[in-house]
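# A structural walkthrough
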Amino acid sequence: MNENVLRAGLLATARSMASSGLNAGTAGNASVRCARGFLITPSGRSYEDCTDGDMALVAMDGSWQGPYAPSSEWRIHRDILAAHPEAGAVLHAHSPFATALACLRRGIPPFHYMIARFGGDDIRCAPYATFGTQALSDGALAALEGRNACLLANHGMLVFGTDLRRSLALAIEFETLCEQYWRTCQLGQPTLLSAAEMAEVIARFQSYGTPQASATDGHAAPD
């Protein structure tokens, strides 16, 4: 896709992260893969004050171009894009409920079948490491093995998708799931789905969002 189009889409996504409640102020960041590496939101800049040209261009070797330095989390974006060829965009947010769980260093068990939306039967929490470090990126990559979302201990959430639109949608779904789990825990320990029940859901998710041969074939996608 044309780099100028990607710049505009990245800025729009960053602003949507704020308007949807995923971020406040200059917290969080987003990136999108491009021919020369990836574009990422700049460090310490309010997205409302940014223009398309303020999005930093980062090569896979870490060198960058732009009027402002890239987000301090550029390593984690670079490493996810390198490790996951299917990833077209990466979002990191300090959203309220994901961050609350992350500060407890608590992953999310299979309390709801929509956990499968993120690739497995649970969502892991990566160990704590200082922001912007290679250690944080390494921990996140391990937590994302077989998944497209994870929590970062005492930090926030991380998701990736095939493009910016889908990544934003996943981040909003993830925060909703974190809220549901948080609220459930206020009432007690939730009843978890079994490994067999989750395996069935995960199998059905393989065709989620793809054209279906028939609406009556007994294999309807999840809601």
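Residues numbered from 1 in each chain as written. Predicted model: local features only at pLDDT ≥ 70, side-chain atom pairs only at ≥ 80, totals over all residues. Heavy atoms only, no water.

Between two packed helices, the angle of one axis relative to the other and the distance separating the axes together describe the packing. Where helix H2 (residues 74-83) contacts helix H4 (residues 134-143), the two axes come as close as 9 Å, and the packing angle between them is 35°. Where H2 crosses over H4, the handedness of that crossing is right-handed. In this structure, H2 uses Arg75, Ile76, Arg78, Asp79, Ile80 and Ala83 to contact H4, whose residues at the interface are Gln134, Leu136, Ser137, Ala140 and Leu141. Residue composition of the contact of H2 with H4, by class: six nonpolar, two polar and three charged. (Axes fitted to C-alpha atoms, helices over the stretch in contact; angles between N-to-C directions. Helix = DSSP H or I, 4+ residues; strand = E, 2+ residues; numbered from the N terminus. Left-handed = near helix turned anticlockwise from the far one by under 90°. Contact = heavy atoms within 4.5 Å. Nonpolar A, V, L, I, M, F, W, Y, C, P; charged D, E, K, R; others polar.)

Further remarks concern the pattern of salt bridges. Tallying each qualifying case throughout the model produces ten salt bridges. One salt bridge connects Arg7 with Glu3, and the closest N-O pair in it is separated by 3.8 Å. Highlighted residues: Arg7 and Glu3, both in helix H1 (residues 3-19), separated by four residues, approximately one helical turn. Judged by relative accessible area, which is 13%, Arg7 ranks as buried. (Salt bridge = Lys/Arg side-chain N within 4 Å of Asp/Glu carboxyl O. Buried < 20%, exposed > 50% of the residue type's maximum accessible area, 1.4 Å probe, protein only.)

The subject of this paragraph is the packing of aromatic side chains. Scanning all chains against the criterion turns up three aromatic pairs. Seen in terms of ring centroids, Phe97 and Trp182 are 5.4 Å apart; in terms of plane orientation they differ by 65°. Their pairing is edge-to-face. Of this pair, Phe97 sits in helix H3 (residues 96-103) while Trp182 sits in helix H5 (residues 164-187), placing them 85 residues apart in sequence. Geometrically, the ring pair formed by Phe118 and Phe174 is tilted, given 5.3 Å between the ring centres and 45° between the ring planes. With Phe118 in the loop between H3 and strand E6 (125-126) and Phe174 in helix H5, the pair connects residues that are 56 residues apart, well separated along the chain. (Phe/Tyr/Trp six-rings, centres within 6.5 Å; stacked < 30°, edge-to-face > 60°.)

A few words now on the nonpolar core. Membership of the largest hydrophobic core comes to 44 residues, with the highest contact counts inside it found for Ile108, Leu151, Met157, Phe174 and Cys178. Elements that contribute at least two residues to this core include exactly H1, strand E1 (29-34), strand E5 (89-93), H3, strand E7 (149-152), strand E8 (156-161), H5 and helix H6 (195-205). The greatest single-element share of this core, amounting to nine residues, is contributed by H5. Beyond its immediate stretch of four places on either side in the chain, Ile108 contacts Leu101, Ile115, Asp122, Ile123, Leu151, Phe174, Cys178 and Tyr181. Ile40, Trp74, Ala87 and Val90 belong to the second largest nonpolar core, which has 20 residues in total. (Core = buried A, V, L, I, M, F, W, Y, C linked by side-chain atoms within 4.5 Å.)

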